[in-house]
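The chain contents come next:
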Amino acid sequence: MKEAVVVFSAPFLRKAYADFLRRQGFDVSECADVGSAAGAVAGKVLVCEHSSEVDAGELVGEAACAVVGAAPERAQDVAALKEAGAFDVFIGTLAPGQIVEAVNTYLDGVEGTPKANKVLSRDALSSFVAALMERRAVYAPVDGRDGHRFEKVADPSSVRVTYTSTVLPVKKVFAPVIETLLKFNRVEDSAEAEQPEVEPKVLLGVHPCDMQGVLRLDWAFTERNPESNYVNRRRDTLFIGVTCTPDEYCFCQNLGTWNTREGYDAFMVDLGDRWLVEILTDEGMRLLDGLSMLSDADEEALRKARVVRRDLSSPPLPVTFHPATTDALMEMSEDDKTWVDVANRCFSCGTCTLVCPTCYCFDVEDEVDITLSAGERVRKWDSCQLQSFAKVATGENFREEREGRVRHRLYRKYLFLPERYGDVFCVGCGRCGRYCTADIHTYDIVAKLAERHSATLTDVVGARE
Ligand code: SF4
Ligand code: SF4
């Protein structure tokens, strides 16, 4: 079991950081002061404040990896500590993404990952894609009329791995927008299930937030009663990630999804003139084995990758809420006027759910031909934001009011599904805000609720066992 010690004087912050690390699989000890932490941090990950209450300088030397946040008046001390190499990451505010980065760095060192580091020059991207296509089907971002989109690649030169976001997330590869489940014939009294195309494939250029979205869908489609079409399409899929170019809609930093390597077989760090290709799994080693356009990484590439990682740790939006507290925030916001404010602007178009990498609701319809003798059973993406979504056969509608539908979407992301899955069901990709015609942004809603309820939230989270 990986071990971490969290030292914050404020119970609210201490609890938030500790819960976050527990979700990353750590055995966590919580301490309120240096005295109780002294002697307990040797060889462990330390997440600690540096303030008038807690002097981080007394603890960082012992830790295997230290993550330090400072009160503004102690920022100079922290700069000096950091200069001396006393700790790994400075967290100015509540920034779970930076904890993940520090933890990843620590685990990379301890567990020996990546398995290999290669470099790929920028002008060799097409030949790299062509070589992958000889081994597997390749899906990757290509230029589209309305922005980048994930497609099965036919032309290697069409691939673009430097981008901010695709319009639709990669979920469409495993759960298509519309698919035929079976064909039936009433006259012949027959029905035949359609089998999805199953092929070994590699998804290239998947951002960390979207990878986290796939991992959440894996859970949704396999818990209890696995859904065979999803499982078959998902089977034998490898993932090659790439660093993101976040824009003003991204809030992956708030949710700790911006820099993980979970789920990937390889990961490309954009160094400007070339990529550092981290190979992370045995399958990744086999996939990339013998590709002539990959050469062994030099020290300069590894050093530059660390700088890129640090640069990316500056969030485009302020870090104003934490995934460990959003369930409590939602519960105390049930009657908040924010839902009415948002509902008054929302058009109930459903775009926010269709573009979301973690939304998976669908509708099933029988489409009968004009003779009424034969037809198809089709499954289509659906949206809880549409008025018809919660209407049942007897005519009742459980969420007829727009306000209730707006609240339901966020409750699913931040309360209902986290209770079952163990982590928030939003990965901070920003698509819902980026493509909303009413300019409604999930980040704004949660940040506003966090601000309005900050005092109560502090008490509630602080009082949790
Ligand atoms: S995309 Fe915007 S306008 Fe459309 S349903 Fe979602 S929040 Fe409402
Ligand atoms: S709710 Fe919005 S930001 Fe969160 S994962 Fe879905 S589309 Fe991305």
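Quick caveat, the model's predicted, so the values are computed rather than measured.

Enquirer: Would you take a moment to explain the overall build of the chain for this structure?
Expert: Secondary structure summary: the chain contains 18 helices and 17 strands in total. Taking all 465 residues of the chain together, the buried fraction comes to 54%. Sequence separation of at least 24 residues holds for 70% of the intrachain contacts in the chain that already meet a minimum separation of 6. Carbon and sulfur atoms provide 49% of the accessible area of the chain, an area that totals close to 20700 Å².

Enquirer: So what exactly am I meant to see when it comes to the pattern of salt bridges here?
Expert: Where side chains of opposite charge bring their charged atoms close, a pairing between them can arise. Taken as a whole and judged by the stated rule, the model has 31 salt bridges. Where D336 meets R452, a salt bridge forms, and the shortest distance between an N and an O atom there is 3.2 Å. With D336 in the loop between α12 (326–332) and α13 (338–345) and R452 in helix α17 (residues 442–452), the pair connects residues that are 116 residues apart, well separated along the chain. Owing to a relative accessible area of 42%, R452 belongs among the partly exposed residues under this scheme. Two residues, R377 and D366, come together in a salt bridge whose shortest N-O distance is 2.7 Å. Placement of the pair is R377 in strand β17 (residues 374–381) and D366 in strand β16 (residues 362–368), with a sequence separation of 11 residues. By sharing partners, the salt bridges in this structure join E179, E227, R233 and R379 into a single network.

Enquirer: I'm lost on the side chain of T338 in this one. Help?
Expert: Take T338: it is sitting in helix α13. Given the relative accessible area of 3%, T338 is considered buried. Within the structure, T338 has its side chain in polar contact with the side chain of D336 (distance 2.5 Å). Apart from the residues within four sequence positions on either side, T338 is in contact with I445, K448, L449 and R452.

Enquirer: In this structure, what is going on with unusual backbone geometry? I would like to understand it.
Expert: A positive phi angle, close to 55°, is found at S348, a residue other than glycine. By relative accessible area, S348 is classed as buried at 14%.

Enquirer: What's the story with the sheet that holds strand β10 (residues 190–193) in this structure? I'm lost.
Expert: Hydrogen bonds between backbone groups are what pair the strands of a sheet, and the pairing can be parallel or antiparallel. In space, the four strands of this open sheet follow the order β10-β9-β17-β16, with antiparallel pairing throughout. Edge positions in the sheet fall to β10 and β16, since each has one partner strand and no second. Across the sheet, the mean angle separating the axes of adjacent strands is 20° when strand polarity is ignored. Of the pairings in the sheet, the one linking strand β9 (residues 178–185) to β10 comprises four bridges and is antiparallel in character. The partner of F184 across the bridge, within β10, is A191.

Enquirer: Mind showing me how you'd approach the site of ligand 2 here?
Expert: Lining the immediate surroundings of ligand 2 are F251, C356, P357, R409, K413, C426, V427, G428, C429, G430, R431 and C432. Secondary structure elements with two or more residues in the shell around ligand 2: α15 (402–421) and α16 (431–434). For the shell around ligand 2, a count of residues per class yields seven nonpolar, two polar and three charged.

Enquirer: Hey, could you run me through the confidence of the model for the chain in this one?
Expert: Residue-level pLDDT values for the chain average 86, and 87% of them are 70 or greater. Of the regions scoring below 50 in pLDDT, residues 92–96 engages in 17 contacts with residues more than four places distant in sequence or in other chains. Note that pLDDT drops below 50 for residues 107–112; the model gives that stretch five contacts with residues more than four away or on any other chain.

Enquirer: Even after reading the chapter, I still don't get helix α5 (residues 125–133), so can you show me in this structure?
Expert: Counting along an α-helix, one turn takes 3.6 residues, and residues three or four places apart therefore face a common direction. Every buried residue of α5 is listed here: L125, F128, V129, A131 and L132. For α5, the arc enclosing every buried residue in end-on projection is 160°, short of the 170-degree limit, so these residues lie on one face.

Enquirer: I keep staring at the site of ligand 1 and nothing clicks. Help me out?
Expert: Around ligand 1 sit C346, F347, S348, C349, G350, T351, C352, Q385, C436, A438 and I440, and that is every residue in its neighbourhood. Residue classes in the shell around ligand 1 are distributed as seven nonpolar, four polar and no charged.

Enquirer: Would you explain the packing of α13 against α17 in this entry?
Expert: Helix-helix packing is described using two parameters, namely the angle between the two axes and the distance between the axes. For the pair α13 and α17, interaxial distance at closest approach is 11 Å and the crossing angle is 155°. In terms of orientation, α13 lies roughly antiparallel with respect to α17. When the axes of α13 and α17 are compared, the crossing they make is right-handed. Within the contact between the two elements, α13 uses T338, W339 and V342 and α17 uses I445, K448, L449 and R452.

Enquirer: Whenever I open this one, the packing of aromatic side chains confuses me. Can you help?
Expert: Aromatic ring pairs are described here by two measures, namely the spacing of the ring centres and the angle between the planes. Overall, the coordinates contain 12 aromatic pairs when judged by the stated rule. Each residue in the set F174, W219, F221, Y230, F239, Y360, Y421 and F425 is aromatic and connected to the rest through ring pairs, giving one cluster. Over the aromatic face of F267 sits the side chain of R261, whose NZ or CZ is 3.8 Å from the ring centroid.

Cut-offs used in this document
Residues numbered from 1 in each chain as written. Chains lettered and ligands numbered in written order. Predicted model: local features only at pLDDT ≥ 70, side-chain atom pairs only at ≥ 80, totals over all residues. Heavy atoms only, no water. Helix = DSSP H or I, 4+ residues; strand = E, 2+ residues; numbered from the N terminus. Buried < 20%, exposed > 50% of the residue type's maximum accessible area, 1.4 Å probe, protein only. Contact = heavy atoms within 4.5 Å. Areas by Shrake-Rupley, 256 points an atom, 1.4 Å probe, with all protein chains shown as cover. Salt bridge = Lys/Arg side-chain N within 4 Å of Asp/Glu carboxyl O. Polar contact = N/O pair within 3.5 Å; in protein donor to acceptor, adjacent residues only side chain to side chain. Pairing = 2+ DSSP bridges. Axes fitted to C-alpha atoms, helices over the stretch in contact; angles between N-to-C directions. Near = heavy atom within 4 Å. Nonpolar A, V, L, I, M, F, W, Y, C, P; charged D, E, K, R; others polar. pLDDT = per-residue confidence, 0-100. Arc of directions from axis to C-beta. Parallel < 35°, antiparallel > 145°, perpendicular 65-115°, else oblique. Left-handed = near helix turned anticlockwise from the far one by under 90°. Phe/Tyr/Trp six-rings, centres within 6.5 Å; stacked < 30°, edge-to-face > 60°. Lys NZ or Arg CZ within 6 Å of the ring centre and 35° of its normal.

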